[in-house]
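Given next are the chains, with one letter for each unit.
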Protein chains: 2
Amino acid sequence: MAGQRSRRRIPEATVARLPVYLRILGEQFDVGVGNMSSEELAELAGVNAAKVRKDLSYLGSYGTRGVGYDVEFLVYQIRRELGLTHDWPVVIVGAGNLGQALAGYNGFGDRGFPVGGIVDIDDAKVGSVVGGVRVRHLDDITQVVQARSISIGVIATPGAAAQDAADALVAAGVTSILNFSPTVITVPHGISVGKVDLAVELQILAYHEQRRINAAQGSGLQSLSGLSIPGESRRGASA
Amino acid sequence: MAGQRSRRRIPEATVARLPVYLRILGEQFDVGVGNMSSEELAELAGVNAAKVRKDLSYLGSYGTRGVGYDVEFLVYQIRRELGLTHDWPVVIVGAGNLGQALAGYNGFGDRGFPVGGIVDIDDAKVGSVVGGVRVRHLDDITQVVQARSISIGVIATPGAAAQDAADALVAAGVTSILNFSPTVITVPHGISVGKVDLAVELQILAYHEQRRINAAQGSGLQSLSGLSIPGESRRGASA
DNA sequence: AAACGTTTGTGCACGTTTTCACAAAGGCGA
DNA sequence: TCGCCTTTGTGAAAACGTGCACAAACGTTT
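Residues numbered from 1 in each chain as written. Chains lettered and ligands numbered in written order. Predicted model: local features only at pLDDT ≥ 70, side-chain atom pairs only at ≥ 80, totals over all residues. Heavy atoms only, no water.

**Structural notes on the protein's contact with DNA strand C**
Point 1. Around DNA strand C, the structure places 25 residues, and the nearest of them are Arg-17 and Arg-65 of chain A together with Ser-38, Arg-53 and Tyr-69 of chain B.
Point 2. Residue Tyr-62 of chain B places a main-chain N or O atom 3.4 Å away from a phosphate oxygen belonging to DNA strand C.
Point 3. Gly-66 of chain B is positioned such that a nitrogen or oxygen atom in its backbone is 2.9 Å from a sugar or linking oxygen of DNA strand C.
Point 4. Elements supplying a minimum of two residues to the surface near DNA strand C: helix H1 (12–30) and helix H3 (49–57) of chain A together with helix H3 (49–57), strand S2 (63–64) and strand S3 (68–70) of chain B.
Point 5. At 4 residues, H3 of chain A tops the list of elements feeding residues into the surface near DNA strand C. (Near = heavy atom within 4 Å. Polar contact = N/O pair within 3.5 Å; in protein donor to acceptor, adjacent residues only side chain to side chain. Helix = DSSP H or I, 4+ residues; strand = E, 2+ residues; numbered from the N terminus.)

In structure tokens form, the structure reads like this:
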């Protein structure tokens, strides 16, 4: 079963962009687009065309020179490489505000990550149903994880409980964790961790706002254009 | 009013870490810690000590050799540099599942980003109260933004509506946008954009899970240790 | 006042990521 | 079939971020 695939190691920066390409390609396919050039894809993804080509080249030589990429085939290849050929059920730790929101957020299940279980340490929450799933006690997490072969856990607890949640997830056999708490968690070697801190994102934006203000005051109110733009920002014509 | 501050441009990677240091320093201060070394801070932040020192050096020379950094003073300096000396009210576009969750999530207001307004295009939602704020119509966004001098907007709409939301935010005078939709938005030059796509984070983890499986199958089930760890991951002893 | 141990601040080398530039390769029309 | 136009795939350069290693600086102790 060893094809011509996955002999290369894909850079982390590329792995982070492949899901973006995947979504765009899927949308275009649904609208009837059968072929796309790196330039078109780059435009929609908000990145450089050369970057798109280099990113895609890690999957193999799947484009046709002078023509572009077959959308359907590329969708298949990216899904394959990202391991999205089947669903990955996730278990959510924490049935509070954020946990309930994540469980009820369709964007998870729709994209191949159904909520396979929710656990909480609070007996008052255990037994209630959020997002169509019954909340179980944290003590039962191993049972929940093993029953559905779950390998991805989501931490949606307050910061103070995050490390305990991580320890419980790892003990239950989870090997990837997405941490929504503001706390940095410690896990054994070999466990993958992703982190999303909503407040941090806003603080980064606040910094840029602050700079705008400083720049305007510092010099004599010169043009506000030409400021640096962070992250995945974009400018120019619209879609 | 030009002090010794902000003459340097702070690298984006550093800006993304400063909020993490800030939270840790704040917690330590609350527990009575008055002084910290770069090594201690690095341990808690899960990064290299040299990186901490280099990051902090962009703020100025605020450490004392042989001693470390004064926690309270450093908190003040980071807050100042990030523009967190005052609150930044935000306006949320989209009062659906995600919008309501964000509005109800205390982590926003607690960290200096109170919800100053919520708007939606759906008349059925307008008038209802979520997170203590009354939902107004998207058409009134300019009024909402200007009444409270809001400069940060949060997009919590479905992907299809995200570009319209961004256009409305920019037209209303917002200069920073945090986009939770899966769509890449286009904004005029000079507007800062941050993006959080929950599905993308999970897809990155799926890739690592997939690699674990491929590695185990490809060769004769060799040790699962030594796998690469993405993002802000951590290993070793706990806190 | 001098010697000592500690910790900062930073020059430098290294690795990763981005961007440029162009040869190679495919389709298409004459 | 031949030449032209388009677009890929990728070397090489530039930009960026990370980590090591060490001199300079500080408090403390003698």
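From this point, things continue past the structure.
**Remarks on the protein's contact with DNA strand D**
Point 1. Around DNA strand D, the structure places 25 residues, and the nearest of them are Ser-38 and Tyr-69 of chain A together with Lys-51, Lys-54 and Arg-65 of chain B.
Point 2. Put simply, 64% of the atoms of DNA strand D that lie within 4 Å of the protein are in sugar or phosphate.
Point 3. Within the contact set of DNA strand D, a phosphate oxygen lies 3.4 Å away from a backbone nitrogen or oxygen of Tyr-62 of chain A.
Point 4. Between a sugar or linking oxygen of DNA strand D and a side-chain N or O atom of Arg-65 of chain A, the distance comes to 3.0 Å.
Point 5. At 4 residues, the largest contribution of residues to the surface near DNA strand D is made by H3 of chain B.
Point 6. Taken together, the residues that form the surface near DNA strand D break down as 7 nonpolar, 10 polar and 8 charged. (Nonpolar A, V, L, I, M, F, W, Y, C, P; charged D, E, K, R; others polar.)

**Describing the relation of the copies chain A and chain B**
Point 1. Aligned on chain B, chain A shows an RMSD of 0.1 Å; the corresponding rotation is 180° and the shift along the axis is 0.0 Å. Taken together, the turn and the small shift mark the pair as related by a two-fold rotation axis. Residue Ala-101 of chain A of chain A places its C-alpha closer to the rotation axis than any other residue of that unit, at 2.7 Å.
Point 2. Comparing contact sets, 99% of the residues at the interface of chain A also lie at the interface in chain B, consistent with an isologous, same-surface contact. (Least-squares fit on C-alpha atoms with pLDDT ≥ 70 in both. Contact = heavy atoms within 4.5 Å.)

**Details of the confidence of the model for chain A**
Residue and element names in this part refer to chain A.
Point 1. When pLDDT is averaged along chain A, the result is 89; 87% of the residues meet or exceed 70.
Point 2. Taken as a whole, residues 1–6 scores under 50 in pLDDT and shows 3 contacts with residues more than four places along the chain or in a different chain.
Point 3. Overall, residues 221–239 carries pLDDT values under 50, and its contacts beyond four positions in sequence, including any with other chains, amount to 33 contacts. (pLDDT = per-residue confidence, 0-100.)

**Side note on the packing of aromatic side chains**
Residues and elements named next belong to chain B.
Point 1. Counted according to the given criterion, the structure contains 4 aromatic pairs over all chains.
Point 2. Aromatic pair Tyr-105 and Phe-108: ring centres 6.0 Å apart, planes at 65°, arrangement edge-to-face. Taken as a pair, Tyr-105 and Phe-108 share a single burial class, namely buried. (Phe/Tyr/Trp six-rings, centres within 6.5 Å; stacked < 30°, edge-to-face > 60°. Buried < 20%, exposed > 50% of the residue type's maximum accessible area, 1.4 Å probe, protein only.)

**Examining the pairing of strand S8 (residues 152–155) of chain A**
Residues and elements named next belong to chain A.
Point 1. Here S8 shows a buried face lined by Ile-152 and Val-154 and a second buried face lined by Gly-153 and Ile-155.
Point 2. With 4 bridges connecting them, strand S4 (residues 90–93) and S8 associate as parallel partners. Bridge pairing links Ile-92 to Val-154 in S8. (Pairing = 2+ DSSP bridges.)

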